[in-house]
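Letter by letter, the chains look like this.
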Amino acid sequence: MPTKRTPSDTPPRALLLDLDGVLLDTRPVMERAWREVRATHGLDVPFASYQRHLGREFDDIMRRLGVRDAQLVHETYKAASQAASHLARQFAGIAEVLHTFAAADWRLGVVTSKPLDRAAPLLAQLGCPFATVRTSSSMGRTKPAPDPILLALVDLGVDPAAAVYVGDMAVDQEAAARAGVAYVHAGWGYGQPTSPAPEIAVAPQGLLQLLRFGTPFVEGSLV
């Protein structure tokens, strides 16, 4: 007779998430930092042009915008971002959703192109049990290359077939596809999905339905 699988027999699953536009609304931080960059370096590049390339490493964005002296610009942007970090806000419901996944034995990780020294203080706001954080400070190529997603899965000991990446920009979708990982687009974020059309969660709570959770409520509250 076949035996019933115990929870320990179930292959581990991973939920990986981008930071900006998925976990936290950092647009006010980025807008203020970019204003400082424009004022300090005399750049005639609107924030909307910068925002179109979010998800890429900062130096890559500068190349695409034709900005010279990227290192000096980055130092200005970094200092202004850190000074304005208090403007970041977590999206409504995201922390509760993450705790629900953790309670269901999903392994949680963050894959972002933000450097670790700027990502870590922001992630601390969430108080969530992230088992790995892969940033532009990590080894390997950055998004849209698959490297940071695959390295995060190595950290977690999870197969790509048992993982989901939640992002909000085209580079997130491309990175997930190249890593062989299912992608869910965060409809509450900053960008639009590309072809082929992915699953879209309109709000963080939508992740629970898309990933086949039953009712996430325990005693009237998300875990």
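1. Observations regarding empty space enclosed by the protein
Right, on to step 1. Evaluated as defined, the whole model comprises one cavity of 30 Å³ or more.
Right, on to step 2. Of the voids in this model, the largest cavity is the one considered here, and its volume is about 200 Å³.
Right, on to step 3. Along the walls of the largest cavity sit 20 residues, with D20, G55, R56, S113 and K114 positioned nearest its centre.
Right, on to step 4. Residue classes in the lining of the largest cavity are distributed as nine nonpolar, three polar and eight charged.

2. Digging into the nonpolar core
Right, on to step 1. Counting 54 residues, the largest nonpolar core has L15, L23, W34, Y50, F130 and V166 as the members making the most contacts within it.
Right, on to step 2. Beyond its immediate chain neighbours, meaning those up to four positions away, F130 contacts L17, L23, L98, L108, G109, V110 and L123.
Right, on to step 3. Listed in part, the 15 residues of the second largest apolar core include A163, Y165, A176 and Y183.

3. Concerning the pairing of strand β4 (residues 106-111)
Taken residue by residue, a regular strand's side chains alternate between the two faces of the sheet.
Right, on to step 1. The buried fraction of β4 is high, at five of six residues.
Right, on to step 2. Pairing between strand β1 (residues 13-17) and β4: five bridges, direction parallel. Considered in β4, the bridge of L16 is made with G109.
Right, on to step 3. Note that β4 and strand β5 (residues 130-134) share four bridges and pair parallel. Following the sheet pairing, G109 is matched in β5 by T132.
Right, on to step 4. Note on the crossover from β4 through helix α6 (residues 116-124) to β5: the handedness is right-handed.

4. Quick notes on the sheet that holds strand β7 (residues 182-186)
Right, on to step 1. Pairing in this open sheet of six strands is parallel, and the strands run β5-β4-β1-β6-β7-β8 from one edge to the other. The open sheet terminates on both sides in strands that have one partner only, identified here as β5 and β8 (199-201). Strand-to-strand, the axes of this sheet are offset by a mean angle of 25°, without reference to chain direction.
Right, on to step 2. Packing against the sheet, helix α5 (residues 94-103) makes contact with β1, β4 and β5, and its axis sits at approximately 135° to β4.
Right, on to step 3. Lying on the sheet, helix α7 (residues 147-156) is in contact with β1, β4, β5 and β6 (163-167); it crosses β5 at an angle near 150°.

5. Remarks on the pattern of salt bridges
Side chains bearing opposite charge may pair, as long as their charged atoms lie close to each other.
Right, on to step 1. Under the defined criterion, the tally for this structure stands at 11 salt bridges.
Right, on to step 2. Here D18 ties to K143 by a salt bridge, and the two come within 3.2 Å at their closest N and O atoms. Here D18, found in the loop between β1 and β2 (24-25), pairs with K143, found in the loop between β5 and α7; they are 125 residues apart in sequence, far enough to count as distant.
Right, on to step 3. According to the relative accessible area criterion, K143 is buried, its value standing at 1%.
Right, on to step 4. Where R178 meets E174, a salt bridge forms, and the shortest distance between an N and an O atom there is 3.2 Å. In this pair, R178 and E174 are both assigned in helix α8 (residues 170-179), four residues apart and thus about one turn of the helix distant.
Right, on to step 5. For E174, a relative accessible area of 35% corresponds to the partly exposed category.

6. A closer look at the packing of helix α1 (residues 27-41) against helix α4 (residues 70-83)
Right, on to step 1. Direction vectors running N to C along α1 and α4 enclose 135°, while the axes themselves pass 8 Å from each other. With respect to their mutual orientation, α1 and α4 come out oblique. As for the relative orientation of α1 and α4, their crossing is right-handed in sense. On the side of α1, the interface is formed by V29, M30, A33, W34, E36, V37, T40 and H41, while α4 contributes L72, V73, T76, Y77, A80 and S81.
Right, on to step 2. By residue class, the composition of the contact of α1 with α4 is nine nonpolar, four polar and one charged.

The rules behind each value
Along every chain, residues carry numbers that run from 1 in the direction the sequence is written. For a predicted model such as this one, the threshold for reporting local features is a pLDDT of at least 70, and the threshold for listing and counting side-chain atom pairs is 80 or more; totals across whole chains, interfaces and linings nevertheless cover every residue. The basis for every side-chain value is the complete set of heavy atoms in the structure, and neither hydrogens nor water enter the calculation. Of the grid points, spaced at 1 Å and generated over the protein atoms alone, those admitting a 1.4 Å probe that cannot get out make up cavities, while open sets with protein on both sides within 12 Å along at least five of seven lines make up pockets; any residue with an atom within 4 Å of a point is treated as lining. Grid points are joined across faces, edges and corners, and a volume is the space filled by probe spheres set on the points. Gly is put with the polar residues, along with every residue not named as nonpolar or charged; the nonpolar set is Ala, Val, Leu, Ile, Met, Phe, Trp, Tyr, Cys and Pro, and the charged set is Asp, Glu, Lys and Arg. Here, the term nonpolar core denotes a set of buried Ala, Val, Leu, Ile, Met, Phe, Trp, Tyr and Cys residues that are joined through side-chain atoms within 4.5 Å. Relative accessibility thresholds used throughout: buried, under 20% of the residue-type maximum; exposed, over 50%; partly exposed, between the two (1.4 Å probe, protein chains only). Residue contacts follow a heavy-atom distance rule, with two residues in contact if any of their heavy atoms lie within 4.5 Å. Runs of H or I in DSSP of at least four residues are treated as helices and runs of E of at least two as strands, each being numbered from the N terminus. We treat two strands as partners when DSSP finds at least two bridges between them. The handedness of a crossover follows from its direction of travel: if, with the strands pointing away from the viewer, the path from the first strand over the helix to the second runs clockwise, the crossover is right-handed. All axes here are fitted lines through C-alpha atoms, helices being fitted over the stretch that makes contact, and every angle between N-to-C directions spans 0 to 180 degrees. Note on definitions: salt bridges are taken to be side-chain nitrogens of Lys or Arg within 4 Å of carboxyl oxygens of Asp or Glu. The cut-offs work like this: below 35 degrees is roughly parallel, past 145 is roughly antiparallel, 65 to 115 is roughly perpendicular, and the gaps in between are oblique. The crossing is said to be left-handed when, going from far helix to near helix, the turn is anticlockwise and less than a right angle, and right-handed when the turn is clockwise.

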